[in-house]
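Reading the structure
The residues making up each chain are set out below.
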Amino acid sequence: MGTEFVQLSLSPILIGICAAVACALPGNFLLLRRQALLGDAVSHVVLPGIVVGFLLTGTVSAGPMMLGAMASALLAVLLIETVRRLGRVEPGAAMGTVFTSMFAAGVLLLETTGASGVHLDVEHALMGNLESLIWFDATGWGSLLDPAALAALPPELFRMALAMTAAILFLAVLRRPLVASTFDEGFARATGQRPSLLSLGLVALSAASAVTAFQAVGAIIVIAMFVVPPATARLLTDRLWTQVGLSAVIAALAAILGYVLAGYGPLWLGGQHSVSAAGMIAVVSGLGLLLAAAFGPRRHRREALPEA
Amino acid sequence: MSAFLDALLLRTGYNAALVSVGAMLLGLAAGAAGTFMVLRKRALVADAMAHATLPGVALAFLAMVGLGGEGRALWGLMVGAAGTALLGLLAVDRLTARTRLPEDAAIGAVLSVTFGAGVVLLTVIQTMSAGQQAGLEGFLLGSTAGMLRADALTIAAGGLVAGAVIWVLRRPMTIVAFDEGFATATGIDVVRVDRIGMILVLFVTVAGLRIVGIVLVVALLIIPAVAARFWTDRTSVMFWVAALIGGLSGWLGTALSAAAPGLPAGPLVVLVAATIFALSLFLAPRRGVVARAVAARSSSGRLDPSEAARWIALRHMEPTSPLIDEDDGRTPLSALLPPDRLAALDRGPV
Amino acid sequence: MNAVGRFPESLPALADSPLAVRGLSASYGGKPAVIDADVTIVPGTLSAIVGPNGAGKSTLMKAVLGLVPRQTGDVTVFGQPLTRMRHRLAYVPQRASVDWDFPVRVLDVAMMGLHRELGLLGRVRPHHRARAEAALDRTGTLDLARRQIGQLSGGQQQRVFLARALAQGADLFLLDEPFAGVDAATEATIMSVLKSLRDEGKSVVCVHHDLSTVADYFDRLLLLNRRVLAEGPVDLVLTDRNLQATYGGRLSVAQLAAIR
């Protein structure tokens, strides 16, 4: 059990946890700012960016593809805003127009340039392949102390851990202005803060988390973790930072439980093969939301208290 | 190029022609249903429904295989898709109505969780039928390759029925989307109209899965409607223009896909629609970006004092007027108001 | 009943009253907004519902129309349940409730008033269009008929909403704050249309917030602060005692003097 677990499951689980938390943390503020679908939009539009990054450099290495994805995510945010303002289009419709068009362009680019033959394919991008991120050099728990083996950990783990740390730092450093501008943007501006700059920062952080996680674990986990854990936590508490903390815990639990269920669940049921871990992580988080929606202590909308 | 021309003119064989006609009818219905959805400001609910079809498609496949069939009958997969899409719609509505979550969060949650469940089921199917291609991957991005005559007819019929229902309900739909309170007061059952509208959207979504695919079918609902808004100020006209754009996208997109069989149909259809949207955004008369820039330029420069005084009078007399937002320091009020109103402003507050 | 001032006048029999409300309670956003309200509208009169902010004026009107759920109470319109009499009733909602960028032209909005007659499949015939245009003409907005609704001023929009109600050809008109945020010219136009409706024998009810114009504009007055505090002819209801009861002593002597 030990060796096999460390080799095959430890690093996917850790990567899953980091990805889930890195997405769930900014997700809390997107939820409160009515931008909950940003993660959805970003994880669609990174596809053309990744393809362009690949076409320009001809390699599937992480750097250029990451840059392409980042640029593409920011371009999408810009385009949505442009369509909204120039065309006076309602935000949801503007978002729907832009992210589907860019995703369609990405698919065509992929199919027409032959990039699909190499390493990229759309299904892979959508569904992720968490299971493949194994720690080949590990020989057991002892490998955690072996520098040579540690160096052979999948690079996705380091990138995801970095993204998670960035998200934590961002929230920790900017916690006060973030709360003030999320609650009342006008007031924040009046007191000399820069809510639009902060908004941009939040969007950039979300895009960075989404892009990193998208590359490592696929779109499903990204979309689910941006929305579902924060939404679940929102039904459990009225206190913002409790909500943020809870969402991180829920995201991590979903990652662990989902991975374990996907890997071992079918075996327990007498099956032969595991099922998609990414899909199972989303499903587990969805069950959590269902429970919170049915029994959460703060599930109801708060009404203004009657006067006198 | 000539292959594309042949496809455009429906000369690539009976089946391919049927697929093009089916896609066109589907696009017509999608444009019209999408108009209601966009005007009701629920554009992305359809995205949740589309993603929620995946577990239904997979379950229907499993059920048909379990019953000894081949599992690929389109109508069966569509029934399964409609079932879980309806559950997805109900879940969005319930989460929005019964909990404190806003609609966009409910959409995101339902979309990702149902899609995840679908992917889990797809992996089950892959391992079950080891070696034997289930072909369900085509539902993700849509494909016209290998479509049967019956499939094309099913889609065409679905588009036709949805289009007809929307045509019948266009007036109550317009009133409900414009002014809910008035609609209820004149006896229109707002809840029922909304429900029928979303069922039609669901219908189009499910009918479009095979051609446009789960990930992109929402675009066929949103983009034609958004593009149509640039060409008209009337809902009745907008329904038609959106239907036209949707039909054109379906037809051109599938023709392109027939000419280049390697390319998935969904992205092609969506990119045709997106091109029409971009043209509309920039070139439409009056509402287009170019037309507005020209109008702003022709009235550029500072206003003369009497026009400026009218703006000041307006701000005093009608502080809540939406026209005040139009005050860009260049546009004279005389371009926006009829003479009698200008005269009233010139007289000043009573 | 609990009303402070109910006047020994001859109210119409319930069956004849254009609008009769008995024991209506409704809540808004979880708190009780209207409690046990009785309203009897007299045919051929202009009535105002007046009270302080948050008194439940709009909620009362919306609960009557079924736009917010009623907790208790009965509503009859011309002696029948509302659902059977909707064709005799026209409603003008608050202007703020609408997206002004919506793709409708002024004439389209007026045509919405004919929805019940046209039904789902009925064709728009010249006489339908003529009626919508006549309604616009009566409110002085006919020359704007081809404009998109958002290109109008607030007062013009309010007049178009009134025209939509006129096109319905109703006998009872319910207006929610028709004078909120409109210019003086529009207020005068709306008032003259409402008075001419009254003179044709129709009944008009307005939610209204401007105490200084109540006596000039209306025949009858209903004072509301969650409960109905007085109802009757405007000159009898508009007393210091009733107003203080309604506004909870929030009106100064000078304000009271200005009202009469």
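Residues numbered from 1 in each chain as written. Chains lettered and ligands numbered in written order. Predicted model: local features only at pLDDT ≥ 70, side-chain atom pairs only at ≥ 80, totals over all residues. Heavy atoms only, no water.

Quick notes on the overall build of chain A
Counted only if it meets this: Helix numbers and strand numbers start at the N terminus; a helix is a DSSP run of H or I with at least 4 residues, a strand a run of E with at least 2. With C-alpha atoms as the basis for the radius of gyration, the globule rule is written as 2.2 Å multiplied by the number of residues raised to the power 0.38. Two residues form a contact once any of their heavy atoms are found within 4.5 Å. Here the accessible surface of atoms and residues is derived via Shrake-Rupley with a 1.4 Å probe, and residues count as covered only by protein chains that are part of the display. None of His or the chain ends enter the tally, which takes Lys and Arg as positive and Asp and Glu as negative. By convention, charge coordinates are those of NZ in Lys, CZ in Arg, CG in Asp, or CD in Glu.
Of regular secondary structure, chain A possesses 13 helices and zero strands. Traced from its N-terminal end to its C-terminal end, chain A shows the element sequence α-α-α-α-α-α-α-α-α-α-α-α-α. Against the globule reference of 19 Å for 308 residues, chain A gives a C-alpha radius of gyration of 20 Å, in line with a compact fold. Projecting the C-alpha coordinates of chain A onto the three principal axes gives extents of approximately 65 × 45 × 35 Å. Sequence separation of 24 or more characterises 71% of the internal contacts of chain A that already satisfy a separation of 6 or more. Accessible surface for chain A amounts to roughly 13400 Å². Of this, 68% is attributable to carbon and sulfur atoms. Separation of charge centres in chain A, based on 16 positive and 16 negative side chains, amounts to 17 Å.

A closer look at the UniProt feature "transmembrane region" (unreviewed entry) in chain B
Selection rule: UniProt positions are given in the numbering used here, feature names are shortened, and annotations may be inferred rather than shown by experiment.
Mapped onto the present numbering, the UniProt feature "transmembrane region" (unreviewed entry) falls at residues 12–36, 48–67, 73–93, 105–128, 148–169, 211–231, 238–259 and 265–284 of chain B. In this annotation, residues 48–67 of chain B is assigned 95% helix and 0% strand; the end-to-end C-alpha distance for the span is 29 Å.

Topic: the interface of chain B and chain A
What counts is decided by this rule: When two parts are put together, the accessible area they lose, computed with a 1.4 Å probe and summed over both, is reported as buried area. Think of a salt bridge as a Lys or Arg side-chain nitrogen and an Asp or Glu carboxyl oxygen that are within 4 Å of each other. Residue polarity is assigned by list, with Asp, Glu, Lys and Arg as charged and Ala, Val, Leu, Ile, Met, Phe, Trp, Tyr, Cys and Pro as nonpolar; anything else, Gly included, falls into the polar class.
The partner chain A presents 59 residues to the 55 residues of chain B that form the contact. In terms of surface lost to chain A, no three residues of chain B exceed Leu44(B), Arg100(B) and Asp104(B), which account for 16% of the buried area on that side. Salt-bridge contacts for Arg100(B) lead to Asp238(A); the nearest nitrogen and oxygen are separated by 2.6 Å. Top contributing element to the side of chain B that touches chain A by residue count: helix α5 (residues 103–128) of chain B, with 17 residues. Here the side of chain B that touches chain A is built from residues that sort into 38 nonpolar, nine polar and eight charged.

Details of the domain arrangement of chain B
Stated precisely, the cut-off is as follows: The split into domains, and so the bounds of each, comes from an automatic or database assignment of domains.
Assigned domains within chain B: domain 1 (2–283) and domain 2 (299–347). Here the C-alpha centre of domain 2 of chain B lies 45 Å away from the C-alpha centre of domain 1 of chain B.

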